[in-house]
Amino acid sequence: MTAQRAPRPPLPGRRRDRTRIEQMVRVDHAGEYGAVAIYQGQRAVFGQLPHKARIAAQLEEMEADEQHHLDTFDRLIFEHDARPTALAPVWDVAGHALGAVTALMGEKAAHACTEAVETVIERHYAGQVAELKAMGEDELAELFEKFRLEEIEHRDLAVEEGARQAPGYALLSRAIQAGCRIAIRVSERV
């Protein structure tokens with residue numbers, strides 16, 4: 001009878017890396033969930049107005065990208081045995097409200113919202129990509145980088161469409177960015 005080897009204990013830091021990846025997946029899942037809700041809120045306003053068909057179509061395309069990201073994070077939540085944020089219902093309501101309010105303020109305000117959100121998210125993804133590469137998680141880093149580039153496309157479209165000409169742009173942008181940063185910190189833990 002041969003002796004079986006006991007499984008090796010995880011290398012130092014690997015559990016910490018796994019916990020950090022679970023945290024990343026949870027917060028990104030929450031963020032994509034919120035992004036879908038924002039676009040849905042904006043489309044709920046613009047979609048009812050025939051003369052706003054152009055922006056409604058732009059928002060629908062961006063929402064489809066965010067939905068693809070969300071679907072991917074739904075899968076990653078399962079694969080990484082990560083717990084989704086308990087605040088999903090809050091982010092749903094907050095996202096729809098932010099989307100609807102900025103749409104009611106006009107096209108430029110809706111684009112300012114997109115620019116503000118995507119600016120924070122792009123930076124957030126960039127930090128995660130660097131962290132994942134340092135952990136040797138190249139496949140996940142590559143996926144997050146792909147999503148980061150798509151968020152940049154959304155941001156750049158919003159700028160081209162006049163985001164920075166929105167009434168009260170500076171205040172609106174700072175408030176939305178601050179809200180996003182708070183949501184990220186809270187979703188990492190809750």
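Placed above this text is the structure.
A few points on the structure. (Residues numbered from 1 in each chain as written. Predicted model: local features only at pLDDT ≥ 70, side-chain atom pairs only at ≥ 80, totals over all residues. Heavy atoms only, no water.)

### What to know about the overall build of the chain
Okay, so step 1: What the chain contains, in helices and strands, is 6 helices and 0 strands.
Okay, so step 2: Put simply, the chain runs from its N terminus to its C terminus through helices and strands in the order α-α-α-α-α-α.
Okay, so step 3: Counting only C-alpha atoms, the chain reaches 80 × 25 × 25 Å along its principal axes.
Okay, so step 4: The buried share of the chain, reckoned over its 190 residues, is 47%.
Okay, so step 5: Considering only contacts within the chain whose residues lie at least 6 apart along the sequence, 84% involve residues at least 24 apart.
Okay, so step 6: Within the chain, the 31 negative side-chain charges are centred at a point lying 7 Å from the centre of the 24 positive side-chain charges. (Helix = DSSP H or I, 4+ residues; strand = E, 2+ residues; numbered from the N terminus. Buried < 20%, exposed > 50% of the residue type's maximum accessible area, 1.4 Å probe, protein only. Contact = heavy atoms within 4.5 Å. Lys, Arg positive; Asp, Glu negative; His and termini not counted. Charge placed at Lys NZ, Arg CZ, Asp CG, Glu CD.)

### Focus on the pattern of salt bridges
Okay, so step 1: Going through the model one piece at a time under the given rule, you end up with 14 salt bridges.
Okay, so step 2: One salt bridge in this structure joins R20 and E131, with 2.7 Å as the shortest N-O distance. With a gap of 111 residues between them, R20 in helix α1 (residues 14-46) and E131 in helix α4 (residues 107-135) connect regions that are remote in the sequence.
Okay, so step 3: With relative accessibility at 28%, the residue E131 sits in the partly exposed group.
Okay, so step 4: Where R43 meets E63, a salt bridge forms, and the shortest distance between an N and an O atom there is 2.6 Å. Of this pair, R43 sits in helix α1 while E63 sits in helix α2 (residues 53-79), and the two are 20 residues apart along the sequence.
Okay, so step 5: Relative accessible area serves as the criterion here: at 27%, R43 is assigned to the partly exposed category.
Okay, so step 6: By sharing partners, the salt bridges in this structure join E122, E145, R148, R155 and D156 into a single network. (Salt bridge = Lys/Arg side-chain N within 4 Å of Asp/Glu carboxyl O.)

### Overview of the environment of A109
Okay, so step 1: Among the structural elements, A109 can be located in helix α4.
Okay, so step 2: Residue classification places A109 among the buried residues on the basis of a relative accessible area of 1%.
Okay, so step 3: In the structure, A109 is positioned 19 residues away from V90 in sequence and 22 Å away in space, judged by C-alpha atoms.

### Regarding the environment of R155
Okay, so step 1: Turning to its location among the elements, R155 is positioned in helix α5 (residues 138-160).
Okay, so step 2: For R155 and A112, which are 43 residues apart along the polypeptide, the C-alpha to C-alpha distance reads 8.9 Å.
Okay, so step 3: Apart from residues no more than four positions distant in its own chain, R155 is found in contact with E115, E118, T119 and E122.

### Some thoughts on the layout of surface pockets
Okay, so step 1: What the largest pocket holds in volume is close to 530 Å³.
Okay, so step 2: Along its surface, the largest pocket is lined by 28 residues, and G34, I38, V117, C180 and A183 are the ones closest to its centre.
Okay, so step 3: Elements represented by at least two residues in the lining of the largest pocket include exactly α1, α3 (88-105), α4 and α6 (169-189).
Okay, so step 4: At 9 residues, α1 tops the list of elements feeding residues into the lining of the largest pocket.
Okay, so step 5: Residues of the lining of the largest pocket, tallied by class, amount to 16 nonpolar, 7 polar and 5 charged. (1 Å grid on protein atoms, 1.4 Å probe; cavity = no way out; pocket = protein on both sides within 12 Å on 5 of 7 lines; lining within 4 Å. Points joined across faces, edges and corners; volume = space filled by probe spheres on them. Nonpolar A, V, L, I, M, F, W, Y, C, P; charged D, E, K, R; others polar.)

### A word on α4
Okay, so step 1: End to end, α4 covers 41 Å across 29 residues, agreeing with the expected 42 Å (1.5 Å per residue, within 8%).
Okay, so step 2: Looking one or two residues past α4, G136 carries a phi angle of roughly 85°, positive in sign. (Expected span 1.5 Å × (residues − 1).)

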